[in-house]
Amino acid sequence: MRRPFALLAGVLLVGAFGLPASAADGDGKGDQGFTIKDSRITESSGLAASRLHPGVYWTHNDSDDGPYIYAVDSSTGKTVARVTLSGIGSPRDVEAISIGPDNQIYVGDIGDNLGGKWPYVWIYQLPEPKKLVDQTVRATQYVVKYSGGARNAESLVVDPKTGRAYIIDKNENGGHLYEGPAKLSASGTNYFKPVAAVDLWATDAAISPDDKQLAVRGYFGGIYYDWNGGNIKRKGRLNVPLQGQGESVTYSVDGSRLMYGSEGADSSVQAQDAPGGGGGSSKSPSASGSSGASGGSGGSVGGNLKVGALVVAVAAAVLFGFRRLLRR
């Protein structure tokens with residue numbers, strides 16, 4: 001779904017100082033950043049690093065596409081496989097993707113374009129294909145409801161050790177981490193309950209491969225937490241790159257990098273160092289005052305771009321109440 005706020009923010013960001021496309025367009029260093037070059041992917045809203053196929057990132061469109069997920073080779077930015085999900089209904093508003101234990105892919109059809117009116121949403125689960133070619137894979141569909149009523153959400157994470165699914169709702173004044181049942185049921189309704197506050201207008205989230213850290217991003221910032229099996233504890237801010245419509249985040253397969261994606265044709269995925277190397281360190285990536293990205297200028301906003309970023313941030317704050325995005 002196109003959001004007027006995000007679109008106008010994107011115009012401000014791009015028009016003000018013309019950010020470079022990515023940290024390493026076409027240089028073969030996927031975890032340094034890449035550009036998605038598939039013309040079919042115009043609303044990349046989720047991102048997940050494959051452990052079965054290192055260097056490959058799974059993504060999907062937001063809406064108005066179909067039951068598809070795409071495997072993108074980060075060394076080239078090209079799609080190496082489009083997987084069609086069978087055994088499910090018509091996707092409504094797919095917003096997130098995560099990979100759990102045993103290389104199981106979870107797709108979150110959890111967006112609510114009506115602002116929290118759908119009586120239920122869905123999660124789809126499928127095994128990650130061992131061979132990356134265009135193919136159809138049967139998926140399991142789970143019905144999800146929230147205790148306390150409907151929610152809009154764009155963030156789905158699956159614990160890499162336990163396989164438990166969690167959702168973070170999208171709320172301008174901050175949302176909550178919702179915990180699903182220990183095992184999802186395909187025959188009944190799966191109720192998700194709030195277990196912790198999340199101080200962000202969240203557009204995506206990811207758990208580090210070592211199961212120690214939760215990264216949550218929004219349009220203009222991010223926060224990382226100690227994961228603790230869902231008993232989260234806030235640790236610090238993330239240096240989220242300025243993007244036209246920042247919709248996704250995932251850890252690189254080794255946990256050392258956070259990969260940030262955005263919507264739009266030829267959208268870039270930008271890389272930043274994960275705090276503590278993705279190992280749950282209490283050191284904030286912004287503690288040194290740098291942008292935290294290494295290995296290429298495009299993955300960070302530096303030099304003269306910082307001035308433009310400040311101007312844009314001030315303008316956005318005046319227009320949209322930026323102070324409410326990240327509660328102190």
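Parameters at a glance
Residues numbered from 1 in each chain as written. Predicted model: local features only at pLDDT ≥ 70, side-chain atom pairs only at ≥ 80, totals over all residues. Heavy atoms only, no water. Helix = DSSP H or I, 4+ residues; strand = E, 2+ residues; numbered from the N terminus. Buried < 20%, exposed > 50% of the residue type's maximum accessible area, 1.4 Å probe, protein only. Contact = heavy atoms within 4.5 Å. Areas by Shrake-Rupley, 256 points an atom, 1.4 Å probe, with all protein chains shown as cover. Salt bridge = Lys/Arg side-chain N within 4 Å of Asp/Glu carboxyl O. Pairing = 2+ DSSP bridges. Core = buried A, V, L, I, M, F, W, Y, C linked by side-chain atoms within 4.5 Å. Phe/Tyr/Trp six-rings, centres within 6.5 Å; stacked < 30°, edge-to-face > 60°. Axes fitted to C-alpha atoms, helices over the stretch in contact; angles between N-to-C directions.

Would you explain the overall build of the protein chain in this entry?
Along its length, the protein chain carries 2 helices and 21 strands. The buried share of the protein chain, taken over its 328 residues, is 55%. If you take every contact in the protein chain between residues at least 6 apart in sequence, the share linking residues at least 24 apart comes to 55%. Of the roughly 12,900 Å² of accessible surface on the protein chain, a fraction of 51% belongs to carbon and sulfur atoms.

Honestly, the environment of V198 in this entry has me stumped. Any pointers?
For V198, the location among the structural elements is in strand β14 (residues 189-198). By relative accessible area, which is 0% here, V198 ends up buried. The sequence separation of V198 and V216 amounts to 18 residues, and the corresponding C-alpha distance is 8.5 Å.

Help me out: how do you make sense of unusual backbone geometry in this one?
Most peptide bonds take the trans configuration, and most residues that are not glycine carry a negative phi. With a phi close to 70 degrees, D211 is a non-glycine residue in the positive phi region. Along the polypeptide, D211 turns up in the loop between β15 (204-207) and β16 (213-217). On the basis of relative accessible area, D211 is assigned to the buried category, the value being 14%. The backbone of D266 sits at a positive phi, close to 50 degrees, despite the residue not being glycine. Here D266 lies in the loop between β20 (257-262) and β21 (268-273). Accessibility expressed as a relative area gives 53% for D266, which makes it exposed.

Where do I start with the pattern of salt bridges in this structure?
Once the charged atoms of two side chains with opposite charge are near each other, the side chains can pair. One pass over the full model with this rule turns up 7 salt bridges. For D226, the salt bridge is made with K235, and the minimal N-O distance between the two is 3.9 Å. Note on K235: relative accessible area 26%, which makes it partly exposed.

What exactly am I supposed to notice about the environment of Y70 here?
Mapped onto the fold, Y70 is located in strand β4 (residues 68-73). In this structure Y70 comes out as buried when scored by relative accessible area, which is 0%. In sequence terms Y70 and I41 are 29 residues apart; their C-alpha atoms lie 8.4 Å from each other. With near-sequence residues (within four places) excluded, Y70 lies in contact with D38, R40, I41, Y57, W58, T59, H60, N61, D65, T79, A81 and R82.

Please clarify how the pairing of strand β11 (residues 153-158) should be interpreted in this entry.
Here is the key point about a regular strand: its side chains alternate between the two faces of the sheet. In terms of burial, β11 is largely enclosed, as 6 of its 6 residues are buried. Two strands pair when backbone bridges link them, and β11 and strand β12 (residues 165-169) are joined in this way by 5 bridges, in the antiparallel orientation. Across the sheet, V158 pairs through a bridge with A165, a residue of β12.

Is there a simple way to think about the nonpolar core in this case?
Here is a general trend for soluble globular proteins: nonpolar side chains tend to be buried in one another's company. Of all hydrophobic cores here, the largest spans 19 residues; its most connected members are W58, I69, L85, I105, V107 and L126. Among the secondary structure elements, those contributing two or more residues to this core are β3 (56-61), β4, β5 (78-86), β6 (96-100), β7 (104-109) and β8 (121-127). Apart from residues lying up to four places away in sequence, I105 is in contact with W58, I69, I97, S98, I99, Y124, Q125, L126 and E128.

Is there a simple way to explain the packing of aromatic side chains in this structure?
What characterises a pair of aromatic rings is the spacing of the ring centres plus the angle enclosed by the ring planes. Under the defined criterion, the tally for this structure stands at 5 aromatic pairs. Summarising the aromatic geometry, the rings of Y146 and Y178 are spaced 5.2 Å apart at their centres and angled 75 degrees between planes, so their arrangement reads as edge-to-face. Here Y146 is found in strand β10 (residues 140-146), whereas its partner Y178 is found in strand β13 (residues 175-179), with 32 residues between them in sequence. Here Y146 and Y178 have matching classes, each one buried. Ring centres 4.9 Å apart and planes at 85 degrees place the aromatic pair Y166 and W227 in the edge-to-face group.

I tried to follow the sheet that holds β15 on my own but got confused; where do I start?
Backbone-to-backbone hydrogen bonds join strands into a sheet, with any given pair of strands oriented parallel or antiparallel. Strand order across the open sheet formed by 4 strands is β15-β16-β17-β18, with antiparallel pairing between neighbours. Either end of the sheet is taken by a strand with one partner, and the two such strands are β15 and β18 (233-238). Strand after strand, the sheet turns through a mean of 20 degrees between neighbouring axes, direction not considered. Two elements, β16 and strand β17 (residues 222-226), share 5 bridges in a ladder whose sense is antiparallel. Directly across from Q213, in β17, lies its bridge partner D226.

I tried to follow the sheet that holds β11 on my own but got confused; where do I start?
In space, the 8 strands of this open sheet follow the order β6-β7-β8-β10-β14-β13-β12-β11, with mixed pairing throughout. Of all the strands in the sheet, the pair left with one neighbour each is β6 and β11. With direction set aside, neighbouring strand axes in the sheet form an average angle of 30 degrees. Of the pairings in the sheet, the one linking β10 to β14 comprises 4 bridges and is parallel in character. Looking at the pairing, V143 lines up with T189 of β14.

Spatial relationships are all this shows, so hold off on functional conclusions.
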